[in-house]
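Here's the letter readout for the chains.
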Amino acid sequence: MSSQYASPPAGLPSQMALHTQRAVFTEAYAVLPHGTMRDIVISYLPHWRLTRLWVIARPLSGFAETFSQYIMEVAPQGGSDKPEGNPEAEGVIFVVAGEITLTIEGTEHTLTEGGYAFLPPGCNWTAVNNGTEFCRFHWIRKKYERVEGVDVPEAFVTSDKVEPIRWMPGSNDRWGTTRFVEPIDLRHDMHVNIVTLEPGAVIPFEETHVMEHGLYVLEGKAVYRLNRDWVEVEPGDFMWLRAFCPQACYTGPERFRYLLYKDVNRHAKLPF
């Protein structure tokens, strides 16, 4: 299964493989290297046929609090007529290999590698792999936070191939973001974007965002700052960052890109 974008290696490693890899779970961040995403940790979902998945984030005390993230693997003719069982869940799909056909409110869309779909809560949609090869896609889910007087956003479909990279000011077009939703669109309470750093680029300060982050490395290699540690990451690795966890980055000799989740545009929840 070849693709521009990384996805799990699946299978099982050799009995002679060293088990000492880069996986780490701390109070501020976690790293799931691609080598942890094997057949022994796959899951299955009701109403999905010929489909398996890797759960790489889920709401859990001390881990992800606002979202879940799956890497779905759908065999030819696999899919679902009832994919989402929670009417309050919104979702984003990002295809990393093969193709998947989504029918959203009666309109059919075929997403290939780089394809992106936003699915609002209560959206009527189905998914089927009409191709001849396996399809893999990220499915990021969040409970939508409704606000009085603010409309729920509509579904849309686009692609990484057509959306521009918006370069950070002063970065000499070295560091930028592919934004699928405008930051000032307050209908949206999560952003799922792609961050791109060109060879030798850096995030030159320790970002400390209020947002929770999920980062999946699509391509390239970097040394990433997570809290007090510098961690090497490469294609297929996943990083979870708690709110305010410091982060920064030095890239390697090739373009470095990751799929980024963050919760946005809502009040902080109060305990009363």
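The coordinates are above.
Residues numbered from 1 in each chain as written. Predicted model: local features only at pLDDT ≥ 70, side-chain atom pairs only at ≥ 80, totals over all residues. Heavy atoms only, no water.

**Q** Go over the side chain of Asn-193 with me, naming the residues and quoting the values.
**A** As for its placement among the helices and strands, Asn-193 is situated in strand β14 (residues 190-197). Classification of Asn-193 by relative accessible area gives buried; the value is 4%. Here the side chain of Asn-193 touches Phe-180 through a polar contact of 3.5 Å, landing on its backbone nitrogen. When near neighbours in sequence (up to four residues on either side) are disregarded, Asn-193 contacts Thr-177, Thr-178, Arg-179, Phe-180, Tyr-258, Leu-259, Leu-260 and Lys-262. (Helix = DSSP H or I, 4+ residues; strand = E, 2+ residues; numbered from the N terminus. Buried < 20%, exposed > 50% of the residue type's maximum accessible area, 1.4 Å probe, protein only. Polar contact = N/O pair within 3.5 Å; in protein donor to acceptor, adjacent residues only side chain to side chain. Contact = heavy atoms within 4.5 Å.)

**Q** Quick rundown of unusual backbone geometry? Include the residues and the values.
**A** Backbone geometry at His-47 places phi at a positive 70°, although glycine is not the residue there. Positive phi outside glycine occurs at Gln-77, with the angle close to 70°. For Gln-77, a relative accessible area of 46% gives the class partly exposed.

**Q** Tell me about the pairing of strand β4 (residues 68-80), and name the residues and values.
**A** Most of β4 is tucked away: eleven of the 13 residues are buried. Taken together, the seven bridges between strand β3 (residues 49-57) and β4 define a ladder with antiparallel strand orientation. Across the sheet, Ala-57 pairs through a bridge with Gln-69, a residue of β4. For β4 and strand β10 (residues 135-143), the ladder comprises seven bridges, and the chain directions are antiparallel. Opposite Tyr-70, over in β10, you have Trp-139 as the bridge partner. Here two bridges tie β4 to strand β9 (residues 125-128), and the two strands are oriented antiparallel to one another. Counted as the bridge partner of Gly-79 is Val-128 from β9. (Pairing = 2+ DSSP bridges.)

In short, shape yes, function no, at least from these values alone.
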